[in-house]
Amino acid sequence: MGGECTFQSSQPVNRYLQCHELVLYKYRNHAKNLLVIVIIDFRIRLPRLYSTLSALTSLDYVTTTGPSQPYGQQHLNEPLLDHREGQLFLTEAFKVILEEVLCKGTDVNEKSHPTPQGNLRLFAGVDYHALTGRFLTEALNTSQYTYEVAPVFVLMEDEVLSKLRSLVGWAQGDGIFCPGGTMSNMYAMNLARYRAFPEVKLKGQWALPRLAVFTSQESHYSVMKAAAFQGIGTENVFKVNVDDRGCMMTDDLSEKIELAKSQGAVPFLVHATSGTTVQGAFDPLEPIADICDRQGLWMHVDAAWGGSVLFSKEHRHLMRGVERADSVTWNPHKMMLTGLQCSAILLKDTTDLLKRCHSADATYLFQQDKFYDMSLDTGDKSIQCGRKVDCLKLWLMWKAVGSQGLEERVDRAFAHTRYLVEKMMKREGFQLIGKPEFVNVCFWFIPPSLRGKENSPDYQDRLSKVAPVIKERMIKQGTMMVGYQPLGGRVNFFRMIVISPQLSYQDMTFFLDEIERLGNNL
């Protein structure tokens, strides 16, 4: 990967390197006869973004001094790719990944603040066993539609899904890994419709009556996307009222079902949530299940965020009644650190509903005279053809740390949340939206200029501007990344997510101090 390179104008690049401490790599592109320069800056911050772009635009055309054989003129008996050169590049790349991404990326001494995570995302950081599984998945680069192309992974997926279902409380069932919780929720809606009206697969939506879906006001927006995508229509999603904690009110659910019927719609799905995105609320699953049983409705539980409480003996009560659901969405890539993406749709069904709903019987893949059990070909359960292997990283992590290790991660997150809330309640200027049920800590910061002025006519308007300004300051200064949002009748408030096992009590104290520092002069 040697060779020399020349820059028509190198001074801007030198200035850029001095300012940003970049990592520079080079490799030869035989196809275009170029020595490609790869510039990686893992420490970039927002204020430097525009100088970065302007510096890169100053980088002129790069060429090699030693031309290689032109592309397309290699002998056809010779490989087009040089594996030795590629493997050398990969070896060097892994050194960079280990040093710059993993070592420095998790080293608090390499950061301007001691918080290991930004606390905006609903995923918690790096697990090295899961990361190894991700590397292996990419290196093997196989799909998961048939047993013959991915025999180990087909069996592994079946085993991992079985273990997840057992935590839900099902001894049997079905399921599949999906590309994210939104897709898992879409699967549930499609399955619910197919069970109620199997003719939809042949005749389409036009042959069906107007359908109705029921979900809480604080459920994930994927419910609306699924209704639009599947032709049900967003106006046919009935939003059920929630209490102050964000939990679905079952009395209103019953009323909304009767309202839909009075309008000529046919209810078919109740979409409950275990761990709402903003407040981390858990809908009451037992009474929701009672309603679904009486009405003959499919009950889906979106536990993409909150499902991991099932690992914890102390906290699994939050999902009491989940075993009565027909389907569950669960994203181990959130609280479990499995890494993006790792989402499962789990089903209680044992009648092969998943395959009957989605199969297209492609004869070039799913021949019926294969030498092995055709039930091992899982591709017809999926709406995809090519499907990424998402089970390996979870399997490897689970084998390494065990169920107890995963339980400890959940319990630790709850412990840090309790600590943060206790400290917050003792500090002037911090006003909780409510006592957290999960690890979402939602609060307003009231700067000194607004304290005691709650009855002022412009108080809400001024308060709504506090969180955006503090967020802008923390991003530009590179100290934290914490989300904010309005919700219902509440103006902008912060949402602190406490899930990383790297967090400490010291980080919680830093977080409170930093919010005060950034907002006290507003």
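Residues numbered from 1 in each chain as written. Predicted model: local features only at pLDDT ≥ 70, side-chain atom pairs only at ≥ 80, totals over all residues. Heavy atoms only, no water.

Some remarks on the UniProt feature "modified residue: N6-(pyridoxal phosphate)lysine" (unreviewed entry) in the protein
UniProt marks Lys334 with the feature "modified residue: N6-(pyridoxal phosphate)lysine" (unreviewed entry), using the numbering shown here. Note that lysine 334 resides in the loop between strand E10 (327–330) and strand E11 (343–347). (UniProt positions renumbered as here; feature names shortened; annotations may be inferred. Helix = DSSP H or I, 4+ residues; strand = E, 2+ residues; numbered from the N terminus.)

Topic: the sheet that holds strand E13 (residues 440–445)
Read from one edge of the open sheet, four strands run E12-E13-E15-E14, paired in antiparallel fashion. Each end of this open sheet is capped by a strand with a single partner; those strands are strand E12 (430–432) and strand E14 (483–487). Between one strand axis and the next, the sheet turns through 45 degrees on average, direction left out of account. Where E14 and strand E15 (residues 490–497) come together, four bridges link them in antiparallel fashion. The residue bridging tyrosine 484 from the neighbouring strand is phenylalanine 494, located in E15. Against the sheet, helix H12 (residues 391–425) touches E12, E13 and E15, its axis set at about 15 degrees to E13. Where helix H14 (residues 466–477) meets the sheet, its contacts fall on E13, E14 and E15, and the angle it forms with E15 comes to roughly 40 degrees. (Pairing = 2+ DSSP bridges. Axes fitted to C-alpha atoms, helices over the stretch in contact; angles between N-to-C directions. Contact = heavy atoms within 4.5 Å.)

Here we look at the pattern of salt bridges
A side chain with one charge can pair with a side chain of the opposite charge if their charged atoms come near. For the structure shown, the criterion picks out 23 salt bridges. For arginine 245, the salt bridge identified is with glutamate 437, shortest N-O distance 3.9 Å. One end of the pair, arginine 245, is in the loop between strand E7 (237–240) and helix H9 (250–262); the other, glutamate 437, is in the loop between E12 and E13, with 192 residues separating them in the sequence. A salt bridge links lysine 256 to aspartate 252, with the nearest nitrogen and oxygen atoms 2.8 Å apart. In this pair, lysine 256 and aspartate 252 both sit in helix H9, four residues apart, roughly one turn of the helix. With relative accessibility at 17%, the residue lysine 256 sits in the buried group. Residue aspartate 252 is classed as buried on the basis of its relative accessible area of 10%. Three or more residues are tied together by salt bridges with common partners; here these are Glu286, Asp290, Asp293 and Arg324. (Salt bridge = Lys/Arg side-chain N within 4 Å of Asp/Glu carboxyl O. Buried < 20%, exposed > 50% of the residue type's maximum accessible area, 1.4 Å probe, protein only.)

Notes on the pairing of strand E8 (residues 266–273)
Of all eight residues making up E8, seven are buried, and the element is well covered by its neighbours. Examined bridge by bridge, strand E6 (residues 211–216) and E8 share five bridges and lie parallel to one another. The partner of threonine 215 across the bridge, within E8, is histidine 271. For E8 and strand E9 (residues 298–303), the ladder comprises five bridges, and the chain directions are parallel. Within E9, the position partnered with histidine 271 by the bridge is histidine 300. Between the parallel pair E8 and E9, the chain is carried across by helix H10 (residues 285–295), and the sense of this crossover is right-handed. (Right-handed = clockwise from strand over helix to strand, strands pointing away.)

Examining the pairing of E9
By the criterion of burial, E9 is predominantly enclosed, with six of the six residues buried. Both faces of E9 are covered, namely the face carrying Trp298, His300 and Asp302 and the face carrying Met299, Val301 and Ala303. Relative to E10, E9 runs parallel, the two sharing four bridges. By the bridge assignment for E10, histidine 300 is matched with serine 327.

Things to note about the packing of aromatic side chains
Applying the stated criterion to the full structure yields 15 aromatic pairs. Between phenylalanine 282 and phenylalanine 438, the aromatic rings sit 5.3 Å apart at their centres with planes inclined by 90 degrees, giving edge-to-face as the arrangement. With a gap of 156 residues between them, phenylalanine 282 in the loop between E8 and H10 and phenylalanine 438 in the loop between E12 and E13 connect regions that are remote in the sequence. The residues phenylalanine 282 and phenylalanine 438 share a single accessibility class, namely buried. One aromatic cluster is present, formed by Phe430, Phe443, Phe445, Phe494 and Phe511 through successive ring pairs. (Phe/Tyr/Trp six-rings, centres within 6.5 Å; stacked < 30°, edge-to-face > 60°.)

Some remarks on unusual backbone geometry
Cis rather than trans, the peptide bond between leucine 340 and glutamine 341 has omega equal to -10 degrees. Examined against the element boundaries, glutamine 341 turns out to sit in the loop between E10 and E11. With a phi close to 65 degrees, aspartate 352 is a non-glycine residue in the positive phi region. Tracing the backbone through its elements, the reader meets aspartate 352 in the loop between E11 and helix H11 (353–358). Within the chain, aspartate 361 stands out as a residue other than glycine whose phi angle is a positive 55 degrees. Here aspartate 361 shows up in the loop between H11 and H12.

A closer look at a nonpolar patch on the surface
Residues Leu90, Phe94 and Phe135 make up a contiguous nonpolar surface patch of about 250 Å² in total accessible area. Here leucine 90 shows up in helix H3 (residues 83–103). (Patch = residues over 30% accessible without salt bridge, like charges linked within 9 Å, V, L, I, M, F, W, Y side chains within 5 Å. Areas by Shrake-Rupley, 256 points an atom, 1.4 Å probe, with all protein chains shown as cover.)

Some words on the packing of H9 against H10
Across the interface, H9 lies against H10 with an axial gap of 10 Å and an inter-helix angle of 25 degrees. It follows that H9 is roughly parallel to H10 by the angle criterion. You can see that H9 and H10 cross each other, and the crossing is right-handed. Taking contact as the criterion, the partners of Thr250, Leu253, Ser254, Ile257, Glu258 and Lys261 in H9 are, on H10, Pro287, Ile288, Ile291 and Gln295. (Parallel < 35°, antiparallel > 145°, perpendicular 65-115°, else oblique. Left-handed = near helix turned anticlockwise from the far one by under 90°.)

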